[in-house]
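Examining the three-dimensional arrangement
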Amino acid sequence: LIARMTTGRLRTIKSEMGFVARADGSCSVSAGKSVAWASVNGPGDSHPSKRHGDRLYVESSYRPAHGDADEATFNTLLRTALEHTVLDKLFPRAAIQVTVHELQQDGSMCALALTAAGIACLDAAIPQRAPFCGVQVVRVAGELMVDPDARMEEKADAQFDFAISTEKMKEESSPSPVVIGTSSRGEFSVHEYLQARELACEAAKQIFAFHRESLQHKYTVESIA
């Protein structure tokens, strides 16, 4: 089940749901030449050491193609996104495990991994307040750029990774992107951070539209089959 999206600022995104047969939900996602796949297992039984009496226990793991598997930035942002969006009170004493594998690295991997995890959660039909995704913004030669490839990342002197969800500002309004977690490196002004956040939220609108198209494609194909 493959869907595509091409945008002016984001690289071409492709996804395939149900990528891992033994997972409760999974997907493969690519943005340009960057590729990752994510799997979700649970909510289900948890070990006593990994259990909350009143809510869901969230466990995340990022596995790069090379190097150290302890990717603190991604794991922190992913847990924040899951705890913000998943209806965790519905699953006391249970646990959910989200694993993301980096298959090919060509920039914006933390953002792509968050987006992959968000699509895998949708594939698993986990009850959520809203979907989530990731967007990376960098500053290169004084200009902000969304979704950079590896070449532009190397030139960047500031980097912002955003975990973004949606919420309704008013009862009659449509959902708008909202930042629920962020990580940054380098020196920058408050104004530059706010500009980067605005760019990320605009890009997230396109990713959430892609979420809807992917789900529509999946269930249309399944209903025909």
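Here is what the cut-offs are and how they apply
- Residues numbered from 1 in each chain as written.
- Predicted model: local features only at pLDDT ≥ 70, side-chain atom pairs only at ≥ 80, totals over all residues.
- Heavy atoms only, no water.
- UniProt positions renumbered as here; feature names shortened; annotations may be inferred.
- Helix = DSSP H or I, 4+ residues; strand = E, 2+ residues; numbered from the N terminus.
- Buried < 20%, exposed > 50% of the residue type's maximum accessible area, 1.4 Å probe, protein only.
- Contact = heavy atoms within 4.5 Å.
- Phe/Tyr/Trp six-rings, centres within 6.5 Å; stacked < 30°, edge-to-face > 60°.
- Salt bridge = Lys/Arg side-chain N within 4 Å of Asp/Glu carboxyl O.

If you check an unreviewed UniProt entry, the protein chain appears there as Exoribonuclease phosphorolytic domain-containing protein from Pristionchus entomophagus. Taken verbatim from the UniProt record of the protein chain, the Sequence similarities (unreviewed entry) comment is "Belongs to the RNase PH family." For the record of the protein chain, the UniProt heading Subcellular location (unreviewed entry) holds the text "Nucleus".

Let us now look at the overall build of the protein chain. Helices and strands together make up the secondary structure of the protein chain, namely four helices and 10 strands. Secondary structure elements in the protein chain, listed N-terminal to C-terminal, are β-β-β-β-β-α-β-α-β-β-α-β-β-α. Burial statistics for the protein chain: of 225 residues in total, 49% are counted as buried. Residue pairs in contact within the protein chain that sit at least 24 positions apart in sequence constitute 66% of those at least 6 positions apart.

Time to look at the packing of aromatic side chains. Applying the stated rule across the entire model yields seven aromatic pairs. Geometrically, the ring pair formed by Phe160 and Phe188 is edge-to-face, given 4.7 Å between the ring centres and 65 degrees between the ring planes. Residue Phe160 is located in strand β9 (residues 158-167), and its partner Phe188 is located in the loop between β10 (176-186) and α4 (190-224); the two are separated by 28 residues in the primary sequence. For Phe160, a relative accessible area of 1% translates into the label buried. Using a relative accessible area of 31% as the deciding quantity, one classes Phe188 as partly exposed. Plain terms: the ring middles of Phe188 and Tyr193 are 6.5 Å apart, the flat faces sit at 25 degrees to each other, and that makes the pair stacked. An aromatic cluster of at least three residues, connected via ring pairs, comprises Phe160, Phe162, Phe188 and Tyr193.

Let us look at the pattern of salt bridges. Taken as a whole and assessed by the stated rule, the structure comprises eight salt bridges. Residue Lys89 is joined to Asp54 by a salt bridge in which the shortest nitrogen-to-oxygen separation is 3.5 Å. Taken together, the residues Lys89 in the loop between α1 (72-85) and β6 (94-104) and Asp54 in the loop between β4 (34-45) and β5 (57-63) connect sequence positions 35 residues apart. Looking at Lys89, the relative accessible area reads 54%, which means it is exposed. Its salt-bridge partner being Glu192, residue Arg139 comes within 2.8 Å of it at the nearest N-O pair. Here Arg139, found in strand β7 (residues 132-140), pairs with Glu192, found in helix α4; they are 53 residues apart in sequence, far enough to count as distant. Classification of Arg139 by relative accessible area gives buried; the value is 10%. Counted as one network, the salt bridges with shared partners bring together Arg11, Asp106 and Asp147.

Following Gly42, the chain continues to Pro43 via a peptide bond in cis, the omega torsion being 0 degrees. Locating Pro43 in the fold gives a position in strand β4. Backbone geometry places Ser108, a non-glycine residue, at a positive phi of 55 degrees. Inspection of the secondary structure assignment puts Ser108 in the loop between β6 and α2 (109-123). In this model, Asp147 sits at a positive phi of 55 degrees, which is unusual for a non-glycine residue. Residue position: Asp147 is located in the loop between β8 (143-146) and α3 (150-155).

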